[in-house]
Amino acid sequence: MRDDAVGEILVQPDELARRVRELGAQISEDYAGRDLLLICVLKGAMFFLADLMRRIDVPCEVDFMAVASYGSATDSSGVVRILKDLDAAIEGREVLIVEDIVDSGLTLHYLLRNLGARNPASMEVCALLTKPERRKVELEPRYVGFEIPNRFVIGYGLDHAERYRNLPFVAALNPAALTADKGD
Ligand code: 5GP
C-alpha cells in the first residue's frame, strides 16, 4: 500500500510472527492444566488475538469487548465507554485480556477495575505493544510483545480514523496525517 500517511516501519511482519509464537508458547506453559478465557479488546487487537490464539495449545475460549475512550486525537482521558460488553460471565474464570497497545494505561486501568469486579479466578494482560514513556498509571502487563517509542502507530489491527488496520506491519503514522480522532 503506497500512502504518505504510512511512516517508518517499527515492527516487521516476521518479527510480529516470531514474537506472537513466543508469547503463545509462554502462555501455553503458564496456563497448562487450566481453562483459559481470552478477552479480545476490539477492534485494535483483532489480528493479534487471531494469531496468538492459534499459537496457544491449552484449551481456550474467546469473548469480545469493545470500548471507546474519550479524549483528543492522541490522548485518552481515562473516561471509558463500553460499546460492547462480554457475552458471558467471567466469575471464576482464568481471564487473559488481549490488548493492542498500552499507552497512558488509563483504558486498561479502567478495564481491570471493571472486569476485576466480576470476580474472575485470575486476570492478566497480554499487550502487543506498550509505550512505557507515556504511562500515567502504574501498570505492567504480564505479557508484552514489543516496547515502542512515543509515536502514534498504525497497522496489524491498529488504525488511524478506522484505516490502515490491514497493514501487515506496525508503522509510525506520519505526523502530518495526525489530525482526526484516535481510533479504538
Ligand atoms: P491509553 O488509555 O492506554 O492511553 O490508550 C489505549 C488505547 O488508545 C489503545 O487501546 C488504542 O486503541 C489507542 N491507542 C493508543 N496509542 C495508540 C497508537 O499509537 N496507535 C493507535 N492506532 N491507537 C493507539
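You'll find the structure just up there.
What you are looking at is a predicted structure, and each value in this text was computed from that prediction instead of being measured.

Reading the values: rules and limits
Residues numbered from 1 in each chain as written. Predicted model: local features only at pLDDT ≥ 70, side-chain atom pairs only at ≥ 80, totals over all residues. Heavy atoms only, no water. Helix = DSSP H or I, 4+ residues; strand = E, 2+ residues; numbered from the N terminus. Contact = heavy atoms within 4.5 Å. Near = heavy atom within 4 Å. Polar contact = N/O pair within 3.5 Å; in protein donor to acceptor, adjacent residues only side chain to side chain. Areas by Shrake-Rupley, 256 points an atom, 1.4 Å probe, with all protein chains shown as cover. Nonpolar A, V, L, I, M, F, W, Y, C, P; charged D, E, K, R; others polar. Salt bridge = Lys/Arg side-chain N within 4 Å of Asp/Glu carboxyl O. Buried < 20%, exposed > 50% of the residue type's maximum accessible area, 1.4 Å probe, protein only. Core = buried A, V, L, I, M, F, W, Y, C linked by side-chain atoms within 4.5 Å.

**Section: the side chain of Lys 131**
Mapped onto the fold, Lys 131 is located in the loop between strand E6 (122-130) and strand E7 (143-147). Apart from the residues lying within four places of it in its own chain, the contact partners of Lys 131 are Ile 101, Val 102, Asp 103, Ile 148, Pro 149, Asn 150, Arg 151 and Phe 152.

**Observations concerning the site of the ligand**
Near the ligand you find 18 residues, and of these Ser 76, Ser 104, Thr 107, Val 153 and Asp 159 are the closest. With respect to the ligand, the backbone of Asp 159 contributes an N or O atom lying 2.7 Å from a nitrogen atom. The protein chains hide 96% of the 510 Å² of surface that the ligand would expose on its own. Counting only elements with at least two residues in the shell around the ligand, the list comes to strand E5 (94-102) and helix H3 (106-116). At 3 residues, the largest contribution of residues to the shell around the ligand is made by E5. Of the residues that constitute the shell around the ligand, the class distribution is 5 nonpolar, 5 polar and 8 charged.

**Digging into the pattern of salt bridges**
All chains considered together, the criterion is met by 17 salt bridges. For the salt bridge of Arg 151 with Glu 8, the shortest nitrogen-to-oxygen distance reads 3.2 Å. Linking Arg 151 in the loop between E7 and strand E8 (153-154) with Glu 8 in strand E1 (residues 6-11), this pair joins segments that are 143 residues apart in sequence. Since its relative accessible area comes to 31%, Arg 151 is described here as partly exposed. Ionic pairing is found between Arg 93 and Glu 61, a salt bridge with its closest N-O pair at 3.3 Å. Here the residue Arg 93 occupies a position in the loop between strand E4 (76-84) and E5, and Glu 61 occupies one in strand E3 (residues 60-71), the gap between them amounting to 32 residues. Taken together, the salt bridges that share partners define one network made up of Lys 43, Asp 159, Glu 162 and Arg 165.

**Looking at the nonpolar core**
Counting 28 residues, the largest nonpolar core has Ile 27, Leu 36, Phe 48, Leu 52, Leu 96, Cys 126 and Leu 129 as its most contacted members. Of all the secondary-structure elements, those providing two or more residues to this core are helix H1 (13-30), strand E2 (36-42), helix H2 (46-53), E5, E6 and E7. When residues of this core are assigned to their parent elements, the largest contribution, 4 residues, is made by H1. By size, the runner-up hydrophobic cluster in this structure holds 20 residues, among which are Val 67, Val 80, Leu 115 and Val 137.

**What about the side chain of Thr 130?**
Structurally, the position occupied by Thr 130 is in strand E6. Residue classification places Thr 130 among the buried positions, given a relative accessible area of 1%. Within the local environment of Thr 130, its side chain forms a polar contact with the side chain of Arg 135, the two groups lying 2.6 Å apart. The contact partners of Thr 130, leaving out residues within four places of it in the chain, are Val 102, Arg 135, Val 144, Phe 146, Glu 147 and Ile 148.

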